[in-house]
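These are the residues of each chain, in order.
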Amino acid sequence: MADKVPGKAWVVVFSGTAVNLCLGILYAWSVWSKALIDVKKAGQIITEGPAVGWTYLTNAEAATPFSLCVIIFALLMIPGGRIQDKAGPKVGAITGGLFLAVGCIIAGLMKSYTGLIIGFGIFGGIGMGIGYAAPTPAALSWFGPHKRGLIAGLVVGGYGGAALYISPLAAYLINTGGVTYSWIFLGIMFAAVVIIAGSQLAKAPPGYVAPAAPVKAGAAPAKAAGTLVDWAPSEIFKTWQFFALVIMFIGTTQSGLLVIANAAPILATAAKGSPFLSANAWILASWGGLINALGRVGTGMYSDKIGRDNAYTINCLVSAGALFLLSTIIASGNIFMLFLAVGIAYWQYGGGLALMPAYTADFFGPKNLGMNYGLVFIGWGLGFFMTRLAGTIRDITGTLTWAFILSAIVLIVAVVVSRVTKRPMHAASGEVK
């Protein structure tokens, strides 16, 4: 069978998913921020409840460790990609995972805003950047271009799906043992998982040829979906398409991070009439984690069929429409529509994280994907600006309405960029379209 891959390829895929299921703690941040935010009491020591001994934070302060984690994550993807390309995915995944684990423990033990910045923001960001750079390039090295979207979606789906279990688990740990206990417990658990799963990662061996797409009897072979040349990292800067991919990444990221960072507070506001949902606002973050993960796999699958550009356009335009309506939906208290609108935002965001590594491999080849995707991933880090801006907007106006509107506009601009961006041709190779 033309499309047959060795069993090891699938071991790598699902081991990478397991590593990302730990690194994805970022998407459960709103569970902790909800437990610590009280604008009127900001700066005061909490004297009762699961966060006793901690300090109350403003919305902007609570957004800072999250935003710092995002930008460091993005910056460390570059050396993380280099580590993956040169030392191999095992080293990157385990090193990154242990940085995150230590960061969680530091955050718990320091029991302070400074601890959150150092532990979650700095150590967490370093761990995510180094660790996240390893699994996807390793997995894609085993498969042909016709499956890049699906495989990337499966691997990064673990990162998106992490909120599905971390959100309720963190809420349970906070309620039963306190905020400090929740950080330390998760840190120890993550260390164990990344060591086991990370040790199973491996790139395809030298000389390995990824299986081609099956060809139906009587049909002409499919045209290559991406470049046949492996671009060096230094070469991609010479193309305007690299910068276009970064802009597209900013677009798809900023709207997703805006909703992710505010998921629990959004539900708490919309569900004032429901004591159960108000007390269990982690449910929206967990729901978002599920849709985030499904969006990565689903978008990856249909991007292999309808093309990356069409998949990107559909996802972003539908999400922009949902963002324009989100404030009205929150004010109405319509829980069904809230879950639908937030689900659309999570799907688009997750889909972007499956599309962008596939785009990068299509444009610049799989050999140096770790480093090349690390450079494109700068766009993901720059997308944090909307989260920080939204915290300030909410502190000033009391709502996120203008943040949602601005985010939708950025998405529309990103779609325009995607429609005019086609893969570059490598002059030295004589490659032609």
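Residues numbered from 1 in each chain as written. Predicted model: local features only at pLDDT ≥ 70, side-chain atom pairs only at ≥ 80, totals over all residues. Heavy atoms only, no water.

1. Re the nonpolar core
No. 1: In terms of nonpolar packing, the biggest core is built from 131 residues, with Ile25, Trp32, Trp183 and Trp380 touching the most fellow members.
No. 2: Sort the elements by how many residues they give to this core and helix α15 (residues 335-364) lands first, with 15 residues.
No. 3: If sequence neighbours within four positions are ignored, Ile25 has contacts with Trp32, Leu100, Cys104, Phe120, Met128, Ala162, Ile166, Trp183, Leu186 and Phe190. (Core = buried A, V, L, I, M, F, W, Y, C linked by side-chain atoms within 4.5 Å. Buried < 20%, exposed > 50% of the residue type's maximum accessible area, 1.4 Å probe, protein only. Helix = DSSP H or I, 4+ residues; strand = E, 2+ residues; numbered from the N terminus. Contact = heavy atoms within 4.5 Å.)

2. Observations concerning the pattern of salt bridges
No. 1: All chains considered together, the criterion is met by four salt bridges.
No. 2: The partner of Asp304 in a salt bridge is Arg308, and the shortest N-O contact between them spans 2.8 Å.
No. 3: The class for Arg308 is buried, based on a relative accessible area of 9%.
No. 4: Among the ionic pairs, Asp309 bridges to Lys422, the shortest N-O distance being 2.9 Å. With a gap of 113 residues between them, Asp309 in helix α14 (residues 308-332) and Lys422 in the segment after α19 (401-420) connect regions that are remote in the sequence.
No. 5: When its relative accessible area of 15% is taken as the criterion, Asp309 is described as buried.
No. 6: A cluster of three or more residues bridged by salt bridges with shared partners is formed by Arg148, Asp304, Arg308 and Asp362. (Salt bridge = Lys/Arg side-chain N within 4 Å of Asp/Glu carboxyl O.)

3. A few points about a nonpolar patch on the surface
No. 1: On the surface, Leu317, Phe324, Leu325, Phe385, Leu389, Leu406, Ile409, Ile412 and Val413 cluster together to form a nonpolar patch covering roughly 740 Å² of accessible area.
No. 2: Looking at the nonpolar patch, the elements that each hand over two or more residues are α14, α18 (385-397) and α19.
No. 3: Leu389 sits in the partly exposed class, given a relative accessible area of 35%. (Patch = residues over 30% accessible without salt bridge, like charges linked within 9 Å, V, L, I, M, F, W, Y side chains within 5 Å. Areas by Shrake-Rupley, 256 points an atom, 1.4 Å probe, with all protein chains shown as cover.)

4. A closer look at unusual backbone geometry
No. 1: The phi dihedral of Lys111 falls on the positive side, at around 55 degrees, and the residue is not glycine.
No. 2: Counting through the fold element by element, Lys111 comes out in the loop between α4 (89-110) and α5 (113-132).

5. A closer look at α4
No. 1: A rise of 1.5 Å per residue sets the reference length of α4, with its 22 residues, at 32 Å; its end C-alpha atoms lie 31 Å apart and thus fit the reference within 8%.
No. 2: For α4, the set of buried residues is Pro89, Gly92, Ala93, Gly96, Gly97, Leu100, Ala101, Gly103, Cys104, Ala107 and Gly108. One side of α4 carries all its buried residues, which in axial view fall inside an arc of 160 degrees.
No. 3: As for α4, its buried residues are in contact with α1 (7-23), α3 (59-87), α5, α6 (135-140) and α8 (179-198).
No. 4: Within two residues after α4, Lys111 carries a phi angle of roughly 55 degrees, on the positive side. (Expected span 1.5 Å × (residues − 1). Arc of directions from axis to C-beta.)

So far we have only geometry, and geometry alone does not tell us how the molecule works.
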